[in-house]
Amino acid sequence: MQTAIPIDSIRLSDPFILADKNTQTYYMTGTGGKLWKSKDLKLWDGPFTVVETDPDSWMGKRPMIWAAEIHQFKDKYYYFATFTNREVIIDTVKGNKIERRASHILVSDSPEGPYKPMEDKTYLPADKPTLDGTFWIDKDNKPYMVYCYEWLQNWDGTIEKIQLKPDLSGSIGEGELLFKASDSPWSKERTEDGKIKPNKVTDGPFLFETQTGKLGMIWTSWVFGDYVQGVAYSESGTLDGPWIQEKDPITPPNFGHGMMFKTFEGKLLMALHSHRVGARGNYIRIPALLEVDDSKNKIIVSSKK
């Protein structure tokens, strides 16, 4: 275990930072399911193992963990994450075998875990690959998970919502569509015959309200080979939308999968990761922090912290 390392020395996809007022500590998690903690956002202790899954559940003995988030709600801490059981194939589409993958929620009394399963064995359908679940309390005062239905199966990824039980121990009803990847005016890819069309990927939704009360959602896709984040705003001020996509991305090329939090001093920051391809074709992703201005109806993402 490494200790006291700077944030730009950590390899981590999909960083999520909880500023926990109770402990005056910042907790960072993400893909891999580990935990780092810091008092100043500069030096971080970790990684710590904080997740205890059930080996007899659908996740299997050693599930992959992606895009983990920690949300404090009432008197507990909830771990939203994507779990993948690579030994179970749920579908084959266009020659691609699709593994059992789903957004799920664990719970703990402490931000440092351990995070353990709750009542429901599944939150989302077993025959659909879902990922990147996040948390929102809507204007009806009901809790929701907002998540992606992965493009691998439908070839036009979506972002959807599903209502949660009052203690988040399970889901209620079925998922409802918010928007599709193809609704984006900024994401782009080429078809097999060279034509340009919207990219099929939806990734990393995160919801926020500006200081003026405007409901927005940041989410990530691709502009050809660049990993980029955009934003949509809800015309109704609720999850039901309609969601109006901004024309252009809000982050520099190859920065994405962001979330926002306030420091203990009251500054609004966006945590996200940089993205590049290594010499062996592997993705190299490093957490970064950007300043955000949310004083008006639309956020403005500015310089690095």
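Every value quoted in this text rests on a predicted model; they were computed, and no experiment measured them.

Caption draft 1: View of empty space enclosed by the protein. Enumeration over the complete set of coordinates arrives at one cavity of 30 Å³ or more. For the largest cavity, the calculated volume is near 40 Å³. Looking at the largest cavity, the residues that line it are Asp 14, Pro 15, Phe 16, Ala 67, Ala 68, Glu 69, Gly 204, Pro 205, His 257, Gly 258 and Met 259. At the level of elements, strand S6 (64–73), strand S16 (203–209) and strand S20 (255–262) are the ones that each hand at least two residues to the lining of the largest cavity. Taken together, the residues of the lining of the largest cavity break down into six nonpolar, three polar and two charged.

Caption draft 2: Summary view of the sheet that holds strand S4 (residues 34–38). In space, the five strands of this open sheet follow the order S1-S5-S4-S3-S2, with antiparallel pairing throughout. Only two strands of the sheet have a single neighbouring strand rather than two, namely strand S1 (5–6) and strand S2 (16–20).

Caption draft 3: A look at the environment of Thr 220. With respect to the secondary-structure elements, Thr 220 resides in strand S17 (residues 215–223). Owing to a relative accessible area of 0%, Thr 220 belongs among the buried residues under this scheme. Along the backbone, Thr 220 and Phe 255 are 35 residues apart, and their C-alpha atoms lie at a distance of 9.0 Å. Residues within four places of Thr 220 in sequence aside, it is in contact with Trp 186, Val 201, Thr 202, Asp 203, Tyr 227, Val 228, Gln 229, Gly 256, His 257 and Gly 258. Here His 257 takes part through its backbone nitrogen, which lies 2.8 Å from a polar atom of the side chain of Thr 220.

Caption draft 4: Quick look at the packing of aromatic side chains. Summed over all chains, the structure comprises 14 aromatic pairs. Geometrically, the ring pair formed by Phe 208 and Tyr 233 is edge-to-face, given 6.1 Å between the ring centres and 85° between the ring planes. In this pair, Phe 208 sits in strand S16 while Tyr 233 sits in strand S18 (residues 226–234), placing the two residues 25 residues apart along the sequence. Judged by its relative accessible area of 6%, Phe 208 is buried. Members of the aromatic cluster, each reached through a chain of ring pairs, are Phe 73, Tyr 78, Phe 80 and Phe 135. For Lys 94, the ring lying beneath its charged end belongs to Trp 155, and the centroid distance is 4.0 Å. Over the ring of Tyr 149 we find Lys 128, and its NZ or CZ is 5.2 Å from the ring centre.

Definitions and limits used
- Residues numbered from 1 in each chain as written.
- Predicted model: local features only at pLDDT ≥ 70, side-chain atom pairs only at ≥ 80, totals over all residues.
- Heavy atoms only, no water.
- 1 Å grid on protein atoms, 1.4 Å probe; cavity = no way out; pocket = protein on both sides within 12 Å on 5 of 7 lines; lining within 4 Å.
- Points joined across faces, edges and corners; volume = space filled by probe spheres on them.
- Helix = DSSP H or I, 4+ residues; strand = E, 2+ residues; numbered from the N terminus.
- Nonpolar A, V, L, I, M, F, W, Y, C, P; charged D, E, K, R; others polar.
- Pairing = 2+ DSSP bridges.
- Buried < 20%, exposed > 50% of the residue type's maximum accessible area, 1.4 Å probe, protein only.
- Contact = heavy atoms within 4.5 Å.
- Polar contact = N/O pair within 3.5 Å; in protein donor to acceptor, adjacent residues only side chain to side chain.
- Phe/Tyr/Trp six-rings, centres within 6.5 Å; stacked < 30°, edge-to-face > 60°.
- Lys NZ or Arg CZ within 6 Å of the ring centre and 35° of its normal.

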